[in-house]
Amino acid sequence: MKRSGPLYTLLGGLLLALCMLSLNATTGEGNSSYGQDSPGASAAPAPSSAKPTKSTPAPTKSPSKSPSKSPPKKPSGKSEYAGRTADDAAAVSLSIRDDKAIAYYCNGRDAESWLKGDVEDDGSMRLTGKDGAKLDATLADNAVRGKVEIDKQPRDFTAARAKKPSGLYRATTEVRGAEIDGGWIVLPDGRQVGILKEDGKPRKAPRLDPETGTVPFDGGELTARPVVP
């Protein structure tokens, strides 16, 4: 009997150990802090996988362009222009009233042409005459500049604005059964270029008196008047 005491003690210790192991097994599941954040500790934010987007600056408005200058408008009313071709071979004169124009080309000997047409709002004009005569020009800065083509010979010209008595004159009449047709260009420096035709035959025109418009002819006088479109 005395030998069973240590055995009982050993068995009691084993039973106690088994109970403790069983208790730990039932109460310790899911309570392990291994790999878990400690209570009260703030979790570190997970790094974002999205790439940072660059801020796109607001589109800047391009500065507004200043309005283009409108082309100079032709002068209203009546105006006169007179000048010479670039090669100084002939004179050119124009009479303009509002949107109508008459031009006269004359070399003072044997070649002349009357041309007419419209003047556009921007001052450009395309005038035409007999036998394919034409004049393309632009009115700007108190002058008409362009090209005139007579007998298929184009010539550049410039005609500055003229003041009376400079300008364009014409006389048409009949003398003793003959048809008379004369044209005169009075240049700003006082020189005159003109042709007088008698029954279609051209010759240099007699000098015109710009103050009175009279022209000596065959012992008498002709009267030339300013040309009006």
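It should be noted that the structure appears before, not after, this text.
Let me begin by describing the structure that accompanies this report. Since we're looking at a predicted model, the values are computed, not measured. Once a new chain begins, its residue numbering starts again from 1 and follows that chain's sequence as written. Two thresholds apply to this predicted model, a pLDDT of at least 70 for residue-level local features and 80 or more for giving and counting side-chain atom pairs, whereas whole-chain, interface and lining totals are computed over all residues. Only hydrogens and water are set aside; all other atoms, that is, all heavy atoms of the structure, feed into the side-chain values.

With respect to the sheet that holds strand 8 (residues 153-162)
Heads up, the rule is: One requirement defines pairing of two strands: DSSP has to find at least two bridges between them. For helices the rule is a DSSP run of H or I covering at least 4 residues; for strands it is a run of E covering at least 2, with both sets numbered from the N terminus onward. Angles here are taken between N-to-C directions and fall from 0 to 180 degrees, while the axes themselves are lines fitted to C-alpha atoms, restricted in helices to the stretch in contact.
Here we have eight strands rolled up into a closed barrel, ordered 1-2-3-4-5-6-7-8, and antiparallel in their pairing. Shown here is a sheet whose adjacent strand axes are inclined to one another by a mean of 25 degrees, direction ignored.

Quick look at the nonpolar core
Condition: Here the nonpolar core consists of buried residues drawn from Ala, Val, Leu, Ile, Met, Phe, Trp, Tyr and Cys, with membership extended through side-chain atoms lying within 4.5 Å. For every residue, the accessible area (1.4 Å probe, protein chains only) is compared with the maximum for its type, and the residue is labelled buried under 20%, exposed over 50%, or partly exposed between those bounds. When checking whether two residues touch, look at their non-hydrogen atoms; a contact exists if any pair is within 4.5 Å.
Core analysis: the largest hydrophobic core is formed by 21 residues, its most contacted members being Leu94, Ile96, Met125, Leu127, Leu135, Val144 and Phe157. When sequence neighbours within four positions are dropped, the list of residues in contact with Leu127 reads Leu94, Ala101, Ala103, Leu115, Lys116, Gly117, Asp118, Ala133, Lys134 and Leu135.

Considerations on the sheet that holds strand 10 (residues 178-186)
Strand order in the open sheet formed by five strands is 12-11-10-9-15, and the pairing between neighbours is antiparallel. Looking at which strands have only one partner, the edges of the open sheet turn out to be strand 12 (201-204) and strand 15 (225-226). Across two bridges, the pairing between strand 9 (residues 167-175) and strand 15 is antiparallel. The partner of Arg170 across the bridge, within strand 15, is Arg225.

Quick notes on the pairing of strand 13 (residues 214-217)
Judged by which residues are buried, strand 13 turns out to be one-sided: Val215 and Phe217 face inward and are buried, whereas Thr214 and Pro216, on the alternate face, are not. One ladder, built from four bridges, connects strand 13 with strand 14 (residues 220-223); its direction is antiparallel. Its bridge partner lying in strand 14, Thr214 is registered against Thr223. Where strand 13 hands over to strand 14, the hairpin turn is made up of two residues, of which Asp218 adopts a positive phi near 50 degrees.

Describing the pairing of strand 3 (residues 100-106)
Burial analysis of strand 3 places six of its seven residues in the buried class, which makes it a mostly covered element. As judged from the seven bridges shared by strand 2 (residues 91-97) and strand 3, these two strands associate in the antiparallel manner. Residue pairing for strand 3: Ser93 is matched across the bridge by Tyr104. What sits between strand 2 and strand 3 in their antiparallel hairpin is a turn of two residues, with Asp98 showing a positive phi close to 55 degrees. Sheet topology places strand 3 next to strand 4 (residues 112-118); seven bridges connect them, and they run antiparallel. Residue pairing in the sheet places Tyr104 in a bridge with Trp114 of strand 4. The loop that links strand 3 with its antiparallel partner strand 4 comprises five residues; one of these, Gly108, has a positive phi angle of about 80 degrees.

Looking at the environment of Ile102
Mapped onto the elements of the fold, Ile102 is located in strand 3. Look at Ile102 and you get buried, because its relative accessible area is 18%. Separated by 22 residues in the primary sequence, Ile102 and Glu80 have C-alpha atoms spaced 9.9 Å apart. With sequence-adjacent residues up to four places away left out, Ile102 is seen in contact with Ser93, Leu94, Ser95, Trp114, Leu115, Lys116, Leu168, Val227, Val228 and Pro229.

Some points on unusual backbone geometry
In this model, Lys164 is joined to Pro165 through a cis peptide bond whose omega is 15 degrees. Residues other than glycine seldom take positive phi values, yet Asp131 does so here, at roughly 60 degrees. Mapping Asp131 onto the fold places it in the loop between strand 5 (124-129) and strand 6 (134-140). The class for Asp131 is exposed, based on a relative accessible area of 78%.

Description of the packing of aromatic side chains
Just so we agree on the cut-off: Centre distance within 6.5 Å is the pairing criterion for rings of Phe, Tyr and Trp, where only the six-membered ring of Trp is used; planes under 30 degrees apart are then read as stacked, over 60 as edge-to-face, and the remainder as tilted. Here, a charge over a ring means that NZ of Lys or CZ of Arg falls within 6 Å of the ring centre while also lying within 35 degrees of the ring normal.
Under the definition given, this model contains one aromatic pair. Measuring from ring centre to ring centre gives 4.1 Å for Tyr104 and Trp114, while their planes differ by 25 degrees; the resulting arrangement is stacked. On the criterion of sequence distance, the pair formed by Tyr104 in strand 3 and Trp114 in strand 4 is long-range, its members being ten residues apart. With relative accessibility at 0%, the residue Tyr104 sits in the buried group. By relative accessible area, Trp114 is classed as buried at 17%. When the ring centre of Trp114 is taken as origin, the NZ or CZ atom of Arg170, which lies over that ring, is 4.1 Å away.

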